[in-house]
Amino acid sequence: MNTIPHWINGSPAEGSTTATQPVHNPATGAERARVVLGGGADVDAAVRAASAAFATWSESSLTTRTQVMFAFRQLLVEHEEELGRIISGEHGKTVDDARGEIVRGREVVEFACGLGDVLKGDFSDQVSRGVDVHSFRQPLGVVAGITPFNFPAMVPLWMHPIALATGNTFILKPSERDPSAANFVAGLYRKAGLPDGVFNVVHGGKDAVDAILDHPGIEAVSFVGSTPIARYVHERATAAGKRVQALGGAKNHAVVLPDADLEFAANHITAGAYGSAGERCMALSVAVAVGEAADGLVEVLRRKAREVKVGPGDAPGTEMGPLVTRAAQERVENAVGTAAAQGATVVVDGRGLKVAGHEDGFFTGPSLLDHVTTEMEAYRQELFGPVLAVVRVDTLDAAIDVINANPYGNGTAVFTASGEAARRFQRSVKVGMIGVNVPVPVPMSYYSFGGWKDSLIGDSPVHGPEGIRFYTRPKVVTSRWPRQNHHVAAGFDFPTSD
Ligand code: NAD
């Protein structure tokens, strides 16, 4: 059985513990490897390697760092299919969907390739006679990223390209459910010419996370995952004096107004709800049908949910793969049962789906629930599976009220032909990322990604300008170069300009 090791100081490392955990192929249910579960000693080894590397990496030129990023970007292009298959084999999503996450993650590398422009400081000439002011930013030191299972390549890519290009060194603690992508990426960085110790991977669960949160040699922690863990990470790491960005869970609503093209809206909502088996933080899990849109919308959604092709992620034509674990499959299927018991109409029931030849896989089919209310569990919980709940309301304002009363505020979308309605919607919803006739509005890498309310703990979204701010500290320099022998009198009063 293959054991997936850590990656420390430029090479695979077995680590200090003998503890391992199985990694499954969700399409077959079979164990395909085991991953080492690191602890304090492994995190400490990674911090020592990253601290030593920081001394030279942070002094390397911006040109050198961006050239590594250009080379890394090219390797991501060349190895997209291979990495996509690794992700699909451990996560379950289709290979094409995995390639999509690599492309979206690569966009952050492309942003990092252009840091020479973005990192430019400010300069103010002659703020006082003979005095100029300029500002620049410097890296923090060793920084860490703790990431979820659902985007094993893209979510870490939201972090490390910017952290590295700005001169930091990085420790990644990926999800223990699909850990191989992290080591593959580490190998690509090495091929791209990144010096040893600049990018490290420590595998594990809570022990490894706690060691990162407490380690005095780590300056900042980026976290993406569920809200309770995001809150925990934020509290513990800020108490240890670190900078923290902590992105949490989601419940994303798609509002459909009566003037929308129902076929178009239902097509996009179906893809947004069932793509990646609903295991996306930007998945659409609630359709809010306004007024007379409801009956027609549910009819088209029913037809489309039934047409979704469910199968192994590496089979041609598959649109939706299995869930990541048996536990996730059971949780989602139980939630559909609870919804029915609480009065929702199960329009399409995905429970008990068997895929021929893959009977032990963690499959469940798309489920569509109608007449869901905001009190029901199916609405209140983040199910993180292929379940779309339809909530019916009378007006756009009522739809906005539903969204704003929800504790999450990651993404949302409105489907309409009215510019006025779309504008009112985007100005009123308490949500960080909004789509207008766009179902999964993940911002481009040169904008920042992050939700509101319980979808983001603290105040720092990831990548784009916020990513640069997060991984660097500003300095402001006030300077005077007096002419030789032209002395200016030094006053004892607090200095003001003249
Ligand atoms: P998770 O919170 O279970 O795990 C995330 C990370 O935290 C993993 O690396 C895991 O090892 C670690 N972890 C888990 N339990 C821990 C504990 N008790 N103590 C310390 N560390 C712990 O999340 P997941 O199931 O891997 O991913 C799905 C969740 O992530 C969903 O809630 C989804 O909405 C969220 N997510 C959010 C975004 C976003 O941008 N807001 C993006 C992707 C995923």
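Residues numbered from 1 in each chain as written. Predicted model: local features only at pLDDT ≥ 70, side-chain atom pairs only at ≥ 80, totals over all residues.

## Some words on the sheet that holds strand 6 (residues 123-128)
The pairing of strands in a sheet comes from backbone hydrogen bonds and takes either a parallel or an antiparallel form. Read from one edge of the open sheet, 3 strands run 6-7-23, paired in antiparallel fashion. Either end of the sheet is taken by a strand with one partner, and the two such strands are strand 6 and strand 23 (472-480). Taking each pair of neighbouring strands and ignoring which way they run, the sheet shows an average axis angle of 30°. Sheet analysis places strand 6 next to strand 7 (residues 131-139), joined by 3 bridges and oriented antiparallel. Each residue of the ladder has a partner; that of Phe123, found in strand 7, is His134. (Pairing = 2+ DSSP bridges. Helix = DSSP H or I, 4+ residues; strand = E, 2+ residues; numbered from the N terminus. Axes fitted to C-alpha atoms, helices over the stretch in contact; angles between N-to-C directions.)

## Brief notes about the domain arrangement of the protein
Looking at the assigned domains, one finds that the protein contains domain 1 (2-249 + 451-479) and domain 2 (252-436). Taken over C-alpha atoms, the centre of domain 1 sits 31 Å from the centre of domain 2. Across the contact, 23 residues belong to domain 1 and 30 residues belong to domain 2. Elements that contribute at least two residues to the side of domain 1 that touches domain 2 include exactly helix 3 (80-91), helix 4 (95-113) and strand 21 (452-453). No other element matches helix 3, which puts 3 residues into the side of domain 1 that touches domain 2. When its residues are assigned to classes, the side of domain 1 that touches domain 2 shows 6 nonpolar, 11 polar and 6 charged. (Domains from an automatic or database assignment. Contact = placed C-beta atoms within 7 Å. Nonpolar A, V, L, I, M, F, W, Y, C, P; charged D, E, K, R; others polar.)

## As for helix 3
Counting along an α-helix, one turn takes 3.6 residues, and residues three or four places apart therefore face a common direction. Between the first and last C-alpha of helix 3 there are 16 Å, a value that for 12 residues agrees with the 16 Å anticipated at 1.5 Å per step. Turning to helix 3, its buried residues number three or more, namely Leu83, Gly84, Ile86, Ile87, Ser88, Gly89, Glu90 and His91. Once helix 3 finishes, Gly92 follows within two positions and takes phi at roughly 110°, a positive value. (Expected span 1.5 Å × (residues − 1). Buried ≥ 20, exposed ≤ 12 C-beta atoms within 10 Å, placed from the backbone.)

## Considerations on the packing of helix 2 (residues 62-78) against helix 7 (residues 180-191)
Look at helix 2 against helix 7: their axes get within 8 Å of each other, and the N-to-C directions meet at 130°. By the angle between their directions, the pair helix 2 and helix 7 is classed as oblique. Handedness of the crossing formed by helix 2 with helix 7: right-handed. Within the contact between the two elements, helix 2 uses Phe72, Leu75 and Leu76 and helix 7 uses Leu188, Tyr189 and Lys191. (Parallel < 35°, antiparallel > 145°, perpendicular 65-115°, else oblique. Left-handed = near helix turned anticlockwise from the far one by under 90°.)

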